[in-house]
Amino acid sequence: MSYYQRHIFFCLNQRVNGESSCGDFGAKEAFDHCKARVKAAGLAGPGQVRVNKSGCLDRCAGGPVAVVYPEGTWYTFLDNADIDEIVDSHLGKGEVVERLVLPPTVGR
């Protein structure tokens, strides 16, 4: 068994060359909100969920993005309500939030 049941990684990359990046779309705020929601829901810690920061995940065209492992489910999101749904459904119950899944064709 893995140390954590699930990891969610948030791309917090901020490009300085003018190219669009997840950091331009509130990714840090979404990360902070997710971390707080996971903790408040009692989902944080060994055997449960870990919320992690990430550098570029190379899917900027769909940004902001986060990915949940071990399933490898990629999400895009707009606001805290979307993050809440990911926490409640996927991280809490193991149910993918289909409406927020990033299509596999979206890359950089």
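Procedures and definitions
Residues numbered from 1 in each chain as written. Predicted model: local features only at pLDDT ≥ 70, side-chain atom pairs only at ≥ 80, totals over all residues. Heavy atoms only, no water. Helix = DSSP H or I, 4+ residues; strand = E, 2+ residues; numbered from the N terminus. Expected span 1.5 Å × (residues − 1). Bend = angle between axes of the 7 residues up to and from the residue. Contact = heavy atoms within 4.5 Å. Polar contact = N/O pair within 3.5 Å; in protein donor to acceptor, adjacent residues only side chain to side chain. Phe/Tyr/Trp six-rings, centres within 6.5 Å; stacked < 30°, edge-to-face > 60°.

A. Local environment of helix α2 (residues 80-93). Its 14 residues place the ends of α2 18 Å apart at the C-alpha level, agreeing with the 20 Å of an ideal helix rising 1.5 Å per residue. Of all the bends in α2, the largest measures some 25° and sits at valine 87. Buried residues belonging to α2 abut β1 (6-11), α1 (27-40), β2 (49-54), β3 (65-69) and β4 (73-76). Among the residues of α2, the N-terminal cap falls to aspartate 79, whose side-chain oxygen and the backbone nitrogen of alanine 81 are separated by 3.2 Å. A positive backbone phi angle near 75° is found at glycine 94, which sits one or two residues after α2.

B. Structural context of the packing of aromatic side chains. According to the stated counting rule, one finds four aromatic pairs in the structure shown. Ring geometry for tyrosine 3 and tyrosine 4: centres 5.0 Å apart, planes at 85°, overall edge-to-face. Geometrically, the ring pair formed by phenylalanine 9 and tyrosine 69 is edge-to-face, given 6.1 Å between the ring centres and 65° between the ring planes. One end of the pair, phenylalanine 9, is in strand β1; the other, tyrosine 69, is in strand β3, with 60 residues separating them in the sequence. Each residue in the set Phe10, Phe31 and Phe77 is aromatic and connected to the rest through ring pairs, giving one cluster.

All quantities given are derived from atomic positions and should not be read as evidence of function.
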